[in-house]
Amino acid sequence: MRGPSLLLGGVIASVLATAALAQTSIDRSFTTVSKDCPGIQWSAEALKAYPNIARACQAVEERNGKTYVKFAGRVERNINRGEQLTINFRDGGTLTLSPPANTKLYVNGKETSVASLQRGDQLQFYVPEDEFVAQVAEDDTPQTRYVVVPIVYREVIQEPEQSAAVLPDTAGEMPLVALSGLMLLGLGAGLSVVRMRKR
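Residues numbered from 1 in each chain as written. Predicted model: local features only at pLDDT ≥ 70, side-chain atom pairs only at ≥ 80, totals over all residues. Heavy atoms only, no water.

Below, the discussion takes up the overall build of the protein. The helix and strand inventory of the protein stands at 3 helices and 11 strands. The 199 residues of the protein split such that 28% are buried. Taking all contacts inside the protein whose residues are at least 6 apart in sequence as the whole, residues at least 24 apart take part in 50%. For the protein, the exposed area adds up to about 14100 Å²; of that, 55% sits on carbon and sulfur atoms. (Helix = DSSP H or I, 4+ residues; strand = E, 2+ residues; numbered from the N terminus. Buried < 20%, exposed > 50% of the residue type's maximum accessible area, 1.4 Å probe, protein only. Contact = heavy atoms within 4.5 Å. Areas by Shrake-Rupley, 256 points an atom, 1.4 Å probe, with all protein chains shown as cover.)

Set out below in structure tokens:
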């Protein structure tokens with residue numbers, strides 16, 4: 001009697017393992033083929049949100065056994081005093097960051113709050129291989145600390161294709177048949193009247 005139970009347990013374990021592997025592959029921002037920009041293979045979700053992200057890669061670095069991609073760009077927009085920052089890259093389009101409240105970053109050689117960032121300020125950050133977030137330096141010391149800043153996912157919404165208006169199935173040939181019948185009835189009545197007058 002234990003055979004079916006063991007089989008069911010094995011199937012459930014296999015499904016859970018597959019789901020775990022899928023979640024791990026989704027969570028990774030990229031995989032590394034070589035330690036340079038061409039050797040970075042971005043995840044499908046990262047490319048879906050930012051199709052040109054590979055062009056914005058400045059360098060690939062390794063810290064504490066983890067691989068990071070370095071980015072550098074200028075602030076294009078500061079929304080609601082640092083609630084969202086749109087970063088413009090020269091070759092890779094734009095990317096939007098969502099810093100935690102009261103975050104301070106090391107920008108233009110000094111510690112700067114995200115609320116005071118202005119358009120044109122230069123910003124550098126790193127994206128780790130295991131999570132699609134930005135890490136921005138808080139200071140410029142040998143023991144540099146990094147603050148984690150979420151990257152805003154965005155999807156390109158395609159406008160639905162406009163098609164010619166199609167009448168519903170209920171609006172088929174029946175109205176035309178009914179109209180034709182009424183016309184024939186009217187014609188028949190008219191002929192009957194003419195015959196009666198001739199008599």
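Glancing now at the environment of Asn80. Take Asn80: it is sitting in the loop between β4 (66-79) and β5 (84-89). For Asn80, a relative accessible area of 55% translates into the label exposed. Considered as a pair, Asn80 and Ala115 are 35 residues apart in the sequence and their alpha carbons are 7.8 Å apart.

Strand β9 (residues 122-128) sits mainly inside the fold: 5 of its 7 residues count as buried. Two elements, β4 and β9, share 7 bridges in a ladder whose sense is antiparallel. Bridge pairing in β9 places Arg74 opposite Gln122. (Pairing = 2+ DSSP bridges.)

Now for the pattern of salt bridges. The tally for this structure, following the rule as stated, stands at 7 salt bridges. Note that Glu129 and Arg28 form a salt bridge whose closest N and O atoms lie 3.3 Å from each other. In this pair, Glu129 sits in the loop between β9 and β10 (133-137) while Arg28 sits in the loop between α1 (2-27) and β1 (30-32), placing the two residues 101 residues apart along the sequence. Under the relative-accessibility criterion, Glu129 is labelled buried at 15%. A salt bridge links Asp139 to Arg145; the nearest nitrogen and oxygen atoms lie 3.5 Å apart. The class of Arg145 is exposed, set by a relative accessible area of 54%. (Salt bridge = Lys/Arg side-chain N within 4 Å of Asp/Glu carboxyl O.)

In this section: the packing of aromatic side chains. Using the criterion set out here, one finds 9 aromatic pairs in the structure. Both rings, one in Trp42 and one in Phe71, keep their centres 6.0 Å apart while their planes meet at 45 degrees; by these two values the pair is tilted. With a gap of 29 residues between them, Trp42 in strand β2 (residues 40-42) and Phe71 in strand β4 connect regions that are remote in the sequence. Pair check on accessibility: Trp42 and Phe71 agree, each one buried. Judged by centre distance (6.5 Å) and plane angle (75 degrees), the ring pair of Trp42 and Phe132 falls under edge-to-face. With Trp42 in strand β2 and Phe132 in the loop between β9 and β10, this pair connects stretches of sequence that are 90 residues apart. When sorted by exposure, Trp42 lands in the same class as Phe132, which is buried. (Phe/Tyr/Trp six-rings, centres within 6.5 Å; stacked < 30°, edge-to-face > 60°.)

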